[in-house]
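Inside the fold
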Amino acid sequence: MSDTLKEKTAKGLLWGGFSTGIQQLLGLVFGVILARKLSQADYGMIGMLAIFSAIAACMQEGGFIAALNRKKEVTQRDYNAVFWMSVITSVCFYLLFFFTAPLIADFYGEPRLTALARYSFLSFLFVSFSIAPRAYIFRNMMVRQSSIISIVAVLLSGLVGIVMAYQGYAYWGLATQNIVFTLTVSVLNFWFSGWRPSFHIDLRPVKELLGFSSKLIVTNIVTAANTNILSVLLGKYYTAPEVGDFTQANKWNTMGHSLITNMLYSIAQPVLTKTDDDRQRQKQVFRKLLRFTAFVCFPVMLCLALVSEEFIVILITEKWLSSAHILRVLCLAGAVIPVSYLFSNLLISRGHSSTYMWCTIGLCVAQLVGVGLCVPYGISRMVQVFAAVNILWLGVWFCFSHREIGLSVIEAVSDVAPYLLLSVGIVCATYWVTSDIGNIYVRIVVKVLMMAVAYCAALWVLRSTIFREAVQFITGKMKDKR
């Protein structure tokens, strides 16, 4: 990579990591407080609506952020068309869900969902206003501004959720938390981007973007449905508390793997797009990002799986202990999600939204079939199959990356395997050493410290380039500030 692009990438990863770390810390604090105050049934009520919110969000975004990023020249007319298209779409979707809310409640056999759905889906209206300014921020790699937006939104919405929970609003507080988050994000995206829409509504530029973005719309909808399919099946065939257990476990798993995917979000696609004209250079950039992703995601997610029981009991009490096993299994799938995310961004950056779409649809169909067959065997088996399909599908993503940039099996394995094998080995050793520690607080501290120290020490001894570059970059920035 050129010095300028390399510096932008490094700064993007640093800001992305900082932002995600702060968000995860805030999310951890807020999540612990809310989980201690609210019940499994409260989380189950919100979990039943998650799939509808996710699908509507995909339709609103419409793949326009990625489409505008790929376009060589973007004008005010393009941004304005995307803005009004997003707003019109969101209004239509809100009206649709408003009038079909009773059908959603009937599907789950839960009458209270009618009012909750109509209130919760107000977030559709608010988030639509942020699509165009978000696209501007994304295209211009304004990672610092994006980080500030996310941190402020998480902080403000979390405080609102806690206040409402302690005022006795139960699941209404969780719904309000999401509404406040989307409203804050929309306002701050306008503020930091400096972009403003005009009242001249001309949707013709959208037609030019739809050829690429339409594939992403379908893909994102299928992905959203796939991500939430377990909540739907659990809500249909099991009780609200059981849905709550899964929702709680999935929340912590998502916080774990999003630590890495959010770091990659602001830089992966823009950087890969900027090197699209040089296949060999793009391959070098991709492999470095792949090594960095493996370097971070495997120890983080496997460590979370290792301490899942202690983590759940200490933070949100034993009433949630049944979610610990679910969390442990989900973490195994969460360990490969950032790698899959990177592969998918390679396809998008090369303009192959159709390939990305069909590959994602294939993954979703495989998961739906597998999970559906496991309904009679209980939640544990459903989650295991869900995780297994995610892991195995990594091979499919690799096949497409091989076709695009000539990435060989040997190259991919050499980039990923060292960090995976090292993480697995240290996790097994840590589990064996700490298995006889009776005190749960001592046990989790020893597990985390042993995992972190052993991993860093091993990478230092093995002279890992990624590890040394990360340390040098961070220490260099700290010296610059002094």
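Here the structure is shown first, and the text comes after it.
Presented here is a report on the structure given in the accompanying data block. What you see is a predicted model; the values in this text were computed from it and never measured. (Residues numbered from 1 in each chain as written. Predicted model: local features only at pLDDT ≥ 70, side-chain atom pairs only at ≥ 80, totals over all residues. Heavy atoms only, no water.)

Overview of the packing of aromatic side chains
Note the cut-off: Think of it this way: a Phe, Tyr or Trp ring, Trp meaning its six-membered ring, pairs with another when their centres are within 6.5 Å, and the plane angle makes it stacked under 30 degrees, edge-to-face over 60, tilted otherwise. Under the scheme applied here, a residue whose accessible area is under 20% of the maximum for its type counts as buried, over 50% as exposed, and between as partly exposed, the area being computed with a 1.4 Å probe on protein chains only. The rule for a charge over a ring is simple: NZ of Lys or CZ of Arg within 6 Å of the ring centre, and within 35 degrees of the ring normal.
Applying the stated rule across the entire model yields 22 aromatic pairs. Where W460 meets F467, the ring centres are 6.3 Å apart and the plane angle is 85°; that geometry is what we call edge-to-face. With a relative accessible area of 47%, W460 lands in the partly exposed category. Since its relative accessible area comes to 11%, F467 is described here as buried. Grouping aromatic residues by their ring pairs yields a cluster made of Y79, F83, W84, F129, Y136, F190, W195 and F199. In this structure, R118 packs its charged tip against the face of F98, placed 4.3 Å from the ring centre. Between R468 and the ring centre of W460, over which it is positioned, the NZ or CZ distance is 3.9 Å.

Remarks on the packing of helix α13 (residues 279–306) against helix α14 (residues 308–316)
When two helices pack together, their arrangement is given by the angle between their axes and by how far apart the axes lie. Inclusion rule: Axis geometry follows a simple rule: fit a line to the C-alpha atoms, using only the stretch in contact for helices, then measure angles between N-to-C directions, giving values from 0 to 180 degrees. The numbering of helices and of strands both runs from the N terminus, where a helix is a DSSP run of H or I of at least 4 residues and a strand a run of E of at least 2. Oblique is the label for every angle not falling under 35 degrees (roughly parallel), over 145 degrees (roughly antiparallel), or within 65 to 115 degrees (roughly perpendicular). Here a residue-residue contact requires only that any non-hydrogen atoms of the pair lie within 4.5 Å.
Contact pair α13 / α14: the axes reach a minimum separation of 4 Å and the direction vectors enclose 65°. Comparing their axes, α14 and α13 come out roughly perpendicular. Only S308, E310 and F311 of α14 make contact with α13, whose side of the interface consists of L304, A305 and L306.

With respect to helix α19 (residues 394–405)
Basically, it comes down to this: Expected helix span is given by 1.5 Å per residue-to-residue step, counting one fewer step than there are residues. Note: the arc covers the axis-to-C-beta directions of the helix.
Between its terminal C-alpha atoms α19 stretches 16 Å, which fits the 16 Å expected from 12 residues at 1.5 Å a residue. Considered for burial, the residues of α19 that qualify are L394, W397, F398, S401, E404 and I405. All buried residues of α19 fall inside an arc of 120° around its axis, so they share one side. Where the residues of α19 are buried, they touch α13, α16 (337–349), α17 (353–373), α18 (379–392) and α20 (409–434). Looking one or two places after α19, you find G406, whose phi comes out positive at around 75°.

A word on the environment of F124
Structurally, F124 can be placed in helix α6 (residues 123–128). Between the alpha carbons of F124 and Y94 there is a distance of 6.5 Å; along the sequence they are 30 residues apart.

Looking at the side chain of T184
Note that T184 resides in helix α9 (residues 171–193). In this structure T184 comes out as buried when scored by relative accessible area, which is 11%. The contact partners of T184, leaving out residues within four places of it in the chain, are V152, A153 and L156.

Quick word on the nonpolar core
For clarity, the cut-off: Buried residues of nine kinds, namely Ala, Val, Leu, Ile, Met, Phe, Trp, Tyr and Cys, make up a nonpolar core once their side-chain atoms join them within 4.5 Å.
By size, the foremost hydrophobic cluster in this structure holds 92 residues, and its most contacted members are F286 and F295. Take this core: its biggest share by element is 16 residues, from α13. Residues I65, A132, F190 and V206 belong to the second largest nonpolar core, which totals 19 residues.

Considering the layout of surface pockets
We apply this condition: In the cavity and pocket records, a cavity denotes points on a 1 Å grid over the protein atoms alone where a 1.4 Å probe fits but cannot get out, a pocket denotes an open set with protein on both sides within 12 Å along at least 5 of 7 lines, and lining residues are residues with an atom within 4 Å of a point. Grid points are joined across faces, edges and corners, and a volume is the space filled by probe spheres set on the points.
The computed volume of the second largest pocket comes to approximately 380 Å³. Within the residue set of the lining of the second largest pocket, elements represented by two or more residues are α13, α16, α19 and α20. If you tally residues by element for the lining of the second largest pocket, the top one is α20, at seven residues.

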